[in-house]
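Below are the chains, spelled out letter by letter.
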Amino acid sequence: MTYAIIAVVVLVVIVLFVLLSRKQEQGEAGLPSRRVEARAKSVKPAHLTPEERAKEAEAAKKDTARPPEAGGRSVPAPRAPRDVAAMRKGLAKARSESGFLGRLATLFAGKKELDPEIADQVEEILLSSDVGVATTHAILARLREGLSKHELSSSQAVWDALRTEATRILEIGGGRIQVGNKPTVVFMVGVNGTGKTTTIGKLATKFKAEGRSVLLAAGDTFRAAAVQQLEVWGKRVGCEVVKGKEGADPGAVIFDAIQKAKQSGIDLVLADTAGRLQTKTPLMDELKKIARTMQKAAEGAPHETLLVLDATNGQNATSQAKMFQEAIPLTGIVLTKLDGTAKGGVILGICDELKIPVRYVGLGERADDLREFIADEFVEALFGASAEETVAA
């Protein structure tokens with residue numbers, strides 16, 4: 001009886017062992033196939049349809065958003081593609097029938113053949129749109145040359161030539177402020193009413209949204225309203241504002257702001273200054289003094305000196321740029337209120353005559369309406385046809 005029980009137990013053990021062995025073999029046999037399947041999914045096909053490529057591009061954009069670094073500081077995700085349609089909307093007045101581009105478009109509309117006299121009509125439009133005499137003559141010289149050689153035999157060819165000229169003039173650098181030094185000191189200058197303080201607030205909003213730390217220096221010590229306006233922006237954006245007593249030395253206020261930024265590890269100092277007429281020599285000399293004081297506070301400061309111009313001032317804006325450039329070296333232009341003028345040609349004149357790059361353009365009241373200036377995108381927004389115009393054509 002005992003032997004029978006032992007035999008049964010041994011038999012059960014053997015059966016279990018066989019079953020377990022078979023199950024393990026089946027699992028191992030299936031593993032490579034699963035690996036191959038997974039690998040096959042990860043390998044991209046050699047030929048993708050346009051729809052598949054679009055899906056992959058969208059997925060790649062999502063994958064490029066980086067998480068915060070270990071130190072706790074967030075790393076900004078890559079900027080979204082530019083919205084040319086929104087920029088075009090901000091340039092609506094310049095593109096209207098009575099505007100700079102609208103008048104040019106009307107001139108060429110329906111013309112299959114062009115005569116040399118059309119250059120004179122183009123000249124009239126450019127001059128009345130604040131492009132400036134020197135820049136207009138340079139553009140017309142190339143246009144007349146093309147017409148005389150019969151290279152510009154259609155309205156589309158002339159339009160393309162004007163667009164090429166605009167791109168050539170505007171492509172002299174520019175673009176957003178590069179934060180390299182710590183702190184990077186930005187010196188904002190200009191006449192009264194151009195929107196310096198508002199531009200500072202909008203720039204602070206942009207850089208804070210990118211994860212940068214920003215400090216505002218209230219260098220306009222002669223106007224209490226300017227300091228109050230800067231403090232409102234500081235509270236709204238979450239930036240500290242360094243200010244002095246009313247009538248204090250603006251250079252000293254900005255010096256203290258830079259020192260505080262260095263001690264606190266701030267990325268960017270945006271320094272406001274009092275508006276001043278470019279024809280007042282003592283006020284322009286004061287800018288030079290402030291710049292020298294900034295150099296004592298931080299090596300290489302100011303790292304950017306931006307002149308804020310009101311686009312609605314037309315040729316007077318060009319005159320301002322010339323005078324400020326003679327007083328202190330300018331690294332860029334911020335052209336505000338460009339949405340408020342039907343002319344808009346002043347941007348071409350400034351870039352062509354003074355070779356000062358445009359950094360930002362103001363196309364509205366919101367912080368998002370202060371747009372980084374990129375020449376080819378600006379030209380596309382100005383000269384290119386909108387979706388509605390394309391459909392209508």
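Residues numbered from 1 in each chain as written. Predicted model: local features only at pLDDT ≥ 70, side-chain atom pairs only at ≥ 80, totals over all residues. Heavy atoms only, no water.

**Overview of the environment of K280**
Thinking step 1. Its location among the elements puts K280 in the loop between β4 (268-273) and α12 (281-297).
Thinking step 2. Taking C-alpha positions, K280 is 10.0 Å from M323, a pair spaced 43 residues apart along the chain. (Helix = DSSP H or I, 4+ residues; strand = E, 2+ residues; numbered from the N terminus.)

**Remarks on the confidence of the model for the protein**
Thinking step 1. Of the residues in the protein, 76% reach a pLDDT of 70 or more, and the chain-wide mean stands at 81.
Thinking step 2. Across the protein, the element-wise mean pLDDT spans from 42 in helix α2 (residues 50-63) up to 98 in strand β3 (residues 240-242).
Thinking step 3. Every residue in residues 25-81 is under pLDDT 50, and counting partners more than four places away or in other chains gives 23 contacts. (pLDDT = per-residue confidence, 0-100. Contact = heavy atoms within 4.5 Å.)

**Here we look at the sheet that holds strand β1 (residues 184-189)**
Thinking step 1. Strands sit in the order β3-β2-β4-β1-β5-β6-β7-β8 across an open sheet of 8 strands; the sheet is mixed. The two strands at the open ends of the sheet, each matched to only one other strand, are β3 and β8 (370-372). The mean angle between the axes of side-by-side strands here comes to 25 degrees, regardless of whether they run parallel or antiparallel.
Thinking step 2. In the packing of helix α11 (residues 250-264) onto the sheet, contacts are made with β1, β2 (214-219), β3 and β4, and the angle to β2 comes to roughly 165 degrees.
Thinking step 3. This element, helix α13 (residues 315-327), spans β1 and β5 (304-310) of the sheet and lies at about 155 degrees to β5. (Pairing = 2+ DSSP bridges. Axes fitted to C-alpha atoms, helices over the stretch in contact; angles between N-to-C directions.)

**Quick notes on unusual backbone geometry**
Thinking step 1. Note the cis peptide between K182 and P183, where omega equals 0 degrees.
Thinking step 2. In this structure, P302 follows A301 across a cis peptide bond, with omega equal to -5 degrees.
Thinking step 3. Here the phi dihedral of K337 falls at roughly 60 degrees; this positive angle occurs in a residue that is not glycine.
Thinking step 4. Phi is positive for K355, which is not a glycine, with a value near 55 degrees.
Thinking step 5. Take K355: it is sitting in the loop between α14 (346-354) and β7 (358-362).
Thinking step 6. Its relative accessible area of 52% is what places K355 among the exposed residues. (Buried < 20%, exposed > 50% of the residue type's maximum accessible area, 1.4 Å probe, protein only.)

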